[in-house]
Amino acid sequence: MTFTKEFTFGTATSSYQIEGAHAEDGRTPSIWDMFCDIPGKVYKQHNGDVACDHYHRFEEDIQHIKNLGVDTYRFSIAWPRIFPQKGVFNAEGMAFYKKLTSRLLEEGIKPAVTLYHWDLPMWAHEEGGWTNRESVEWFADYAKVCFQELDEYVDSWITHNEPWCAGFLGYHQGVHAPGHQNLEEALKAVHHILLSHGKVVQMLKETFHSETPIGITLNLSPVYAKTDSTNDQLAANNADGYSNRWFLDPVFKGQYPTDMMNLFSKYVHSYDFIHQGDMELISIDCDFFGINFYSRGLVEFNAAADFMYQGAYSDYEKTGMGWDIAPKEFKDLIHRLRKEYTDLPIYITENGAAFDDQVENGRVHDVKRVEYVEQHLQAVSELNDEGMNIQGYYLWSLLDNFEWSFGYDKRFGIIYVDFDSQERIWKDSAHRYAEIIKNRSLKVPSSTVE
Ligand code: GBH
């Protein structure tokens, strides 16, 4: 139940979810600005125009980060601030991230910076977005100036956040920007995203000779079969292929899973978009592996469903998103990754939960979030006792923020945000997290928190 002094505690956010200032200092729209304008795509047609107004309030937010006592803060850079037009660098946009990173460093907080957390510039989208192989070059140009201007301030780089969401939610399921529903497009998008990852890892190491650690973050969700019938087992295998293996296999084994390639080939004209040499680049050595963990999946066989599976009823306790609370399955996942995929140091780059928070007399008693965080940190410490080498944990999220297609309806923050006044209020979970960090232990029970 304790953590070494080398273990890093952190908290995380992303640019479009918190920054606001959508048209300031030269920023142009991203696919999310466009997507939010399409009726029916985002809850009450909310958008990130203002969000947490972090672009103007980052000094105050850094004080909150500091008061939490975290070692590190993970955020992302908004690509359309850096390249508002194709090939046009915007120094004013970059200036914001220089201020942010240098202020964090002054406060002793290590910046962990994600290059892509889903806000693709509209100019790139208009040329096909991630389905266009040229996107790899556009991303490399963007990463290059980030490395040039910021590498000295950055403690670790994350190339991409959750290619599954950017690729499958955006181009296959259509519930994230750009809202397309085409599996072939999605597989191309994923391929180019992964390729761009490999390309910029290579650039940082070989062109910049930088020693800043760099890696990728995948969202992984261990999938279980409802029963042990052969059909349900097949369903779970396919769900695992779609959710996890389609990303893990290329990144760690340099190949897409053959069973899934066969399954997908019914919907895909060809795999010509995979060129010679691509898989070597995608599986380039990194310095760490980032995992976002929220939940598990439970599935059953359905012959009529696209990949022969559908979600099954689960009696687990759920978060406000309706996701199963599954710390034990989180441990299964890490065991499997160690056995089948990688020895790299692991960082949990996101973990957290939405619940229906209420402000009462200036306090938010988010008992369930406290419990969720404690259960997952407990799992991390047990995994480390077994030698699983998890080096850090980032709680999602610092602030309530724009929760993508759910708008401001779902609150993941450990700090409550009143979106009218922009007031920040520490929830009990923030107090408890600060205490855990201070003690580097879960031992002192939360009941002693004032
Ligand atoms: C992350 O994505 C994002 O990086 C972040 O921006 C976002 O705000 C945060 O999570 C909260 O949503 O089938 O029951 O396992 C989360 C990705 C993918 C996690 C789908 C849950 C399905 C639930 N999500 N997954 S379940």
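The rules behind the values
Residues numbered from 1 in each chain as written. Predicted model: local features only at pLDDT ≥ 70, side-chain atom pairs only at ≥ 80, totals over all residues. Heavy atoms only, no water. Helix = DSSP H or I, 4+ residues; strand = E, 2+ residues; numbered from the N terminus. Rg over C-alpha atoms; globule rule 2.2 N^0.38 Å. Buried < 20%, exposed > 50% of the residue type's maximum accessible area, 1.4 Å probe, protein only. Salt bridge = Lys/Arg side-chain N within 4 Å of Asp/Glu carboxyl O. Pairing = 2+ DSSP bridges. Expected span 1.5 Å × (residues − 1). Contact = heavy atoms within 4.5 Å. Phe/Tyr/Trp six-rings, centres within 6.5 Å; stacked < 30°, edge-to-face > 60°. Axes fitted to C-alpha atoms, helices over the stretch in contact; angles between N-to-C directions. UniProt positions renumbered as here; feature names shortened; annotations may be inferred.

Q: Describe the overall build of the protein, naming the residues involved and giving the relevant values.
A: If you tally the helices and strands in the protein, you get 15 helices and 13 strands. In terms of overall size, the protein behaves like a compact globule, its C-alpha atoms giving a radius of gyration of 21 Å where 450 residues would be expected to give roughly 22 Å. Principal axes of the C-alpha set define a box for the protein whose edges measure 60 × 55 × 45 Å. Relative to its full complement of 450 residues, the protein shows a buried share of 60%.

Q: Talk me through the pattern of salt bridges; I want residue IDs and the actual numbers.
A: Tallied over the full model, the rule gives 33 salt bridges. Lysine 86 is paired through a salt bridge with glutamate 127; the nearest N and O atoms lie 3.1 Å apart. Of the two residues, lysine 86 is situated in the loop between α4 (79–82) and α5 (91–106) and glutamate 127 in the loop between α6 (122–125) and α7 (135–150); the sequence distance between them amounts to 41 residues. Glutamate 127 sits in the partly exposed class, given a relative accessible area of 35%. A salt bridge links lysine 331 to glutamate 382; the nearest nitrogen and oxygen atoms lie 2.4 Å apart. One end of the pair, lysine 331, is in helix α13 (residues 327–340); the other, glutamate 382, is in helix α14 (residues 367–385), and 51 residues separate them in sequence. With a relative accessible area of 18%, lysine 331 lands in the buried category. Taken together, the shared-partner salt bridges connect Asp357, Asp366, Arg369, Asp400, Arg411 and Lys427 into one network.

Q: Which residues make up the pairing of strand β1 (residues 8–12), and what values do they have?
A: Most of β1 sits inside the fold, with five of its five residues counted as buried. Sheet analysis places β1 next to strand β11 (residues 390–396), joined by five bridges and oriented parallel. In the sheet register, threonine 8 faces β11, and the bridge partner there is glycine 392. Two strands pair when backbone bridges link them, and β1 and strand β2 (residues 72–76) are joined in this way by three bridges, in the parallel orientation. Of the residues in β2, the one forming a bridge with alanine 12 is arginine 74.

Q: Could you give an account of helix α15 (residues 428–439), with specific residues and numbers?
A: Relative to the 16 Å expected for 12 residues at 1.5 Å per residue, α15 spans 17 Å between its end C-alpha atoms, a close match to the ideal helical length. Among the 12 residues of α15, nine are classified as buried, and the element is accordingly described as predominantly covered. Those residues of α15 lying buried are Asp428, Ser429, Ala430, Arg432, Tyr433, Ala434, Glu435, Ile436 and Ile437. The inward-facing, buried residues of α15 contact β1, α3 (54–68), α14, β11, β12 (415–418) and β13 (423–426). Backbone geometry just after α15 places arginine 440 at a positive phi near 45°.

Q: Just give me the short version of the packing of aromatic side chains, but keep the residues and values in it.
A: Under the counting rule described, the total for this entry stands at 47 aromatic pairs. Their ring planes at 65° and their centres at 5.7 Å tell us that tryptophan 79 and phenylalanine 139 sit as a pair that is edge-to-face. Of the two residues, tryptophan 79 is situated in helix α4 and phenylalanine 139 in helix α7; the sequence distance between them amounts to 60 residues. A relative accessible area of 0% means that tryptophan 79 is categorised as buried. Geometrically, the ring pair formed by phenylalanine 168 and tyrosine 242 is stacked, given 4.4 Å between the ring centres and 10° between the ring planes. Of this pair, phenylalanine 168 sits in helix α8 (residues 163–171) while tyrosine 242 sits in helix α10 (residues 230–253), and the two are 74 residues apart along the sequence.

Q: Mind laying out the sheet that holds β2, listing which residues take part and the relevant values?
A: Whether parallel or antiparallel, the strands of a sheet pair through hydrogen bonds between backbone atoms. With respect to topology, eight strands assemble into a closed barrel ordered β1-β2-β3-β4-β5-β7-β10-β11, the strand pairing being parallel. Neighbour-to-neighbour, the strand axes of the sheet open up by a mean angle of 25°, direction not taken into account. Relative to strand β7 (residues 288–292), strand β5 (residues 214–219) runs parallel, the two being bridged by five bridges. Looking at the pairing, glycine 215 lines up with phenylalanine 288 of β7. Across the sheet, α8 touches β3 (110–116), β4 (156–161) and β5, and the angle it forms with β5 is around 45°. Where α14 meets the sheet, its contacts fall on β1, β10 (346–351) and β11, and the angle it forms with β11 comes to roughly 170°.

Q: Tell me about the pairing of β7, residues and numbers included.
A: On a regular strand, one side chain projects to one face of the sheet and the next to the other, so that they alternate. Most of β7 is tucked away, with five of its five residues classed as buried. The side-chain alternation of β7 yields two buried faces, one formed by Phe288, Gly290 and Asn292 and the other by Phe289 and Ile291.

Q: Give a detailed account of the UniProt feature "active site" (unreviewed entry) in the protein, specifying residues and quantitative values.
A: As recorded in UniProt, the sites labelled "active site" (unreviewed entry) are Glu350. Along the chain, glutamate 350 turns up in strand β10. Excluding its chain neighbours within four sequence positions, the residues that come into contact with glutamate 350 are Arg74, His117, Asn161, Glu162, Ile291, Asn292, Phe293, Tyr294, Tyr394 and Trp396.

Q: Outline the sheet that holds strand β8 (residues 297–301), supporting the account with residue identities and numerical values.
A: Read from one edge of the open sheet, three strands run β6-β8-β9, paired in mixed fashion. Each edge of the open sheet is held by one strand with a lone partner, namely β6 (223–225) and β9 (309–311). Sheet twist, expressed as the average angle between the axes of neighbouring strands with direction ignored, equals 40°. Sheet analysis places β8 next to β9, joined by three bridges and oriented antiparallel. In the strand pairing of β9, glutamate 300 is matched with glutamine 310.

Q: Now, about the environment of glycine 392: what can you tell me, with residues and values included?
A: By the element assignment, glycine 392 lies in strand β11. In this structure glycine 392 comes out as buried when scored by relative accessible area, which is 0%. The spacing of glycine 392 and tryptophan 123 is 269 residues in sequence and 36 Å in space, taken between C-alpha atoms. Once residues lying within four places of it in the same chain are set aside, the contact partners of glycine 392 are Phe7, Thr8, Ile346, Tyr347 and Ile348.

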